[in-house]
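Here is what each chain is made of, one letter per residue.
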Amino acid sequence: PIETRIVVGAEALAELARSLEAAAMLSIEPVLEPDDPMRGELLALALAGSPDGAALVPLRDGAGEAALEALRPLLEARERVFVGFDLKRSAIALSRRGVQLWGELRDVAVAAYVANPAQAVDRPDVLAKTYLERSVCSAAERFGAGAKRRPFDQVSEAELASHFAELASLDHAGGQGSSAYSQ
């Protein structure tokens, strides 16, 4: 089981930033509504410094600016290695909020594509099962699909944390070393 926590408040954010500062690699998963980095609202950010645990930082209801400012040094560190699924989405969504990912970017979807261009790389749940032998609910299973999809801004922070923090921890596991997704 993955340890998941929701981080709210200046003191908790400072403690999270301190704990993640020591991590050589940081995985990141944005929660966007709509799920489009060019126009979606950044509702939360899931961060993991290890495959064993992750945190969800809510950014809605006015908490976003202070939270992003608290995390800015961590997110903009040039020596940081970032790993994630479709990191371009994360970079665009954060850039729209004035935060730049300056470090090395390791995209697990790109690594999986390089390993096998014939495989579907657009579903993190499939990659996790294939390369990490871990079963996770897909976004469609958890939140619905198409017209029946629940908008993320109507989903509780606990449920968002359960899904997106788990994805961040899987990204971290997939991005370690030579990348499990490229073997």
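The following paragraphs examine the structure supplied in this document. Bear in mind that the values here come from a model prediction, so they are computed numbers and not experimental data. (Residues numbered from 1 in each chain as written. Predicted model: local features only at pLDDT ≥ 70, side-chain atom pairs only at ≥ 80, totals over all residues. Heavy atoms only, no water.)

Moving on: the sheet that holds strand E6 (residues 104-107). To summarise the sheet geometry, strands pair through backbone hydrogen bonds and adopt either a parallel or an antiparallel arrangement. The strand order across the open sheet built from 6 strands is E1-E4-E3-E2-E5-E6, with neighbouring strands paired in mixed fashion. Pairing within the sheet leaves two strands with one partner each, and these edge strands are strand E1 (3-6) and E6. Along the sheet, successive strands turn relative to each other by an average axial angle of 25 degrees, direction set aside. Across 4 bridges, the pairing between strand E5 (residues 81-84) and E6 is parallel. In the sheet register, glycine 84 faces E6, and the bridge partner there is aspartate 107. The strands that helix H7 (residues 157-175) touches are E1, strand E2 (25-33), strand E3 (41-50), strand E4 (53-58), E5 and E6; relative to E2, the one it contacts most, it runs at about 145 degrees. (Pairing = 2+ DSSP bridges. Helix = DSSP H or I, 4+ residues; strand = E, 2+ residues; numbered from the N terminus. Axes fitted to C-alpha atoms, helices over the stretch in contact; angles between N-to-C directions. Contact = heavy atoms within 4.5 Å.)

Okay, the packing of aromatic side chains next. Working definition: an aromatic ring pair is given by the centre-to-centre distance plus the angle between the planes. Enumeration over the complete set of coordinates arrives at 3 aromatic pairs. Here phenylalanine 143 and phenylalanine 164 contribute two aromatic rings whose centre-to-centre distance is 6.3 Å and whose plane-to-plane angle is 20 degrees, an arrangement assigned as stacked. Taken together, the residues span a long stretch of sequence, with phenylalanine 143 in helix H6 (residues 139-143) and phenylalanine 164 in helix H7 at a distance of 21 residues. Phenylalanine 164 carries the same exposure label as phenylalanine 143, and that label is buried. Above the face of the tryptophan 102 ring, arginine 78 is positioned so that its terminal group lies 4.4 Å from the ring centre. A cation over an aromatic ring shows up here: arginine 149 above the ring of phenylalanine 152, its NZ or CZ 4.2 Å from the ring centre. (Phe/Tyr/Trp six-rings, centres within 6.5 Å; stacked < 30°, edge-to-face > 60°. Buried < 20%, exposed > 50% of the residue type's maximum accessible area, 1.4 Å probe, protein only. Lys NZ or Arg CZ within 6 Å of the ring centre and 35° of its normal.)

So, about the pattern of salt bridges. Counted by the stated rule, this structure contains 11 salt bridges. Taking the shortest distance from any N to any O, the salt bridge between arginine 149 and glutamate 33 comes out at 2.8 Å. Placement of arginine 149 in the loop between H6 and H7 and of glutamate 33 in strand E2 is noted, with a sequence separation of 116 residues between them. For glutamate 104, the salt bridge identified is with arginine 106, shortest N-O distance 2.9 Å. Judged by its relative accessible area of 28%, arginine 106 falls in the partly exposed class. Through salt bridges with shared partners, one network takes in Glu69, Arg72 and Glu76. (Salt bridge = Lys/Arg side-chain N within 4 Å of Asp/Glu carboxyl O.)

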